[in-house]
Amino acid sequence: MSSNAHRVLSKSPTACAPPPHWPPHVRYISEPHYHSSVPLQVRAHICPQSPSATHPSRSLTIIRRIVEPSHPAYGQFGLFAAKKIQPRVHIVDYVGEVHCDDRPQSDYDLSLLRTQDGLSVGVDAHSMGNEARFINDYRSINAKPNAVFEDRRTATGELRMSIWSGSESIKKGEEILVSYGKAWWHARTSPQTCELAAG
Ligand SMILES: C[S@@+](CC[C@H](N)C(=O)[O-])C[C@H]1O[C@@H](n2cnc3c(N)ncnc32)[C@H](O)[C@@H]1O
């Protein structure tokens, strides 16, 4: 068996090729990975069955480098509408590593859930994730966000933080922008850091 054939056969069944402009140092995943810091009973609450792969994002979004010097994330990437997106449409789930440990250094860590015991569950897309990790915050770009974070359960019951278009449609080529929340920005201008707040 050639080494290429072996690679294909040993690939995870849900693995898929990264989209164009995907950075080589980040692992592209289409379903959440659960870190060992997530207690079993919390994992069972979030994901009662096996994780489900999501592929709705490809046709709706495109990752693009920001080339406008006036953009506050100039030189970085952003996520853009590949076609017109109608209001209140599910664009993509924020997929990454689901964890309960602290990730103060990550700029890709989003809050998924706080349990009744006060345990904080995050989704960190710093080292592995999908297209959603490239969504920028609207501040200094637009007057308001055109997309929102909203949690949902997939068809197999898995809790996900998803990105939906807002009350207005998003034009083809327009940047998809959410609000990271004031606390996220506050944490980055003060000595302490915290998770990206969905809101
Ligand atoms: C979740 S990442 C977004 C994707 C990022 N632009 C990239 O290329 O990987 C969050 C980072 O994007 C940048 N960013 C996002 N929105 C921004 C904004 N409105 N103004 C300045 N920087 C922003 C900041 O560097 C922030 O730490």
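Each remark here, short or long, concerns the structure printed above.
Residues numbered from 1 in each chain as written. Predicted model: local features only at pLDDT ≥ 70, side-chain atom pairs only at ≥ 80, totals over all residues. Heavy atoms only, no water.

(A) Structural context of the pattern of salt bridges. Tallied over the entire structure, the rule returns eleven salt bridges. Across the pair D101 and R103 runs a salt bridge, and its minimum N-O distance is 3.1 Å. Its salt-bridge partner being E158, residue R160 comes within 3.0 Å of it at the nearest N-O pair. In this pair, the class of R160 matches that of E158, namely buried. A cluster of three or more residues bridged by salt bridges with shared partners is formed by D93, R152, E158 and R160. (Salt bridge = Lys/Arg side-chain N within 4 Å of Asp/Glu carboxyl O. Buried < 20%, exposed > 50% of the residue type's maximum accessible area, 1.4 Å probe, protein only.)

(B) Representation of the site of the ligand in the model. Within the structure, the ligand sits among 15 residues, and Q76, F77, Y108, N136 and R139 are positioned closest to it. A distance of 3.0 Å separates an oxygen atom of the ligand from a polar atom in the side chain of D107. One of the backbone nitrogen or oxygen atoms of R139 is found 2.8 Å away from a nitrogen atom of the ligand. Starting from 560 Å² of accessible surface for the ligand in isolation, the protein chains cover 88%. Here the shell around the ligand is composed, by residue class, of nine nonpolar, two polar and four charged. (Near = heavy atom within 4 Å. Polar contact = N/O pair within 3.5 Å; in protein donor to acceptor, adjacent residues only side chain to side chain. Areas by Shrake-Rupley, 256 points an atom, 1.4 Å probe, with all protein chains shown as cover. Nonpolar A, V, L, I, M, F, W, Y, C, P; charged D, E, K, R; others polar.)

(C) View of the nonpolar core. Judged by nonpolar contacts, the single largest core of 38 residues is most densely connected at I46, L112 and I163. Contributing elements (two or more residues each) for this core: helix 2 (40-46), strand 4 (77-81), strand 5 (90-93), strand 7 (109-114), strand 8 (120-124), strand 11 (147-153) and strand 12 (159-165). With residues near it in sequence (within four places) discarded, I46 still touches Y34, V98, L112, L113, V121, R153, G157, E158 and L159. (Core = buried A, V, L, I, M, F, W, Y, C linked by side-chain atoms within 4.5 Å. Helix = DSSP H or I, 4+ residues; strand = E, 2+ residues; numbered from the N terminus. Contact = heavy atoms within 4.5 Å.)

(D) Seen up close, the packing of aromatic side chains. Applying the stated criterion across every chain, the model contains seven aromatic pairs. Relative to F134, the ring of F77 lies with its centre 5.7 Å away and its plane at 65 degrees, an arrangement referred to as edge-to-face. One end of the pair, F77, is in strand 4; the other, F134, is in the loop between strand 9 (128-129) and strand 10 (136-137), with 57 residues separating them in the sequence. Take F77: its relative accessible area is 18%, and that puts it in the buried class. (Phe/Tyr/Trp six-rings, centres within 6.5 Å; stacked < 30°, edge-to-face > 60°.)

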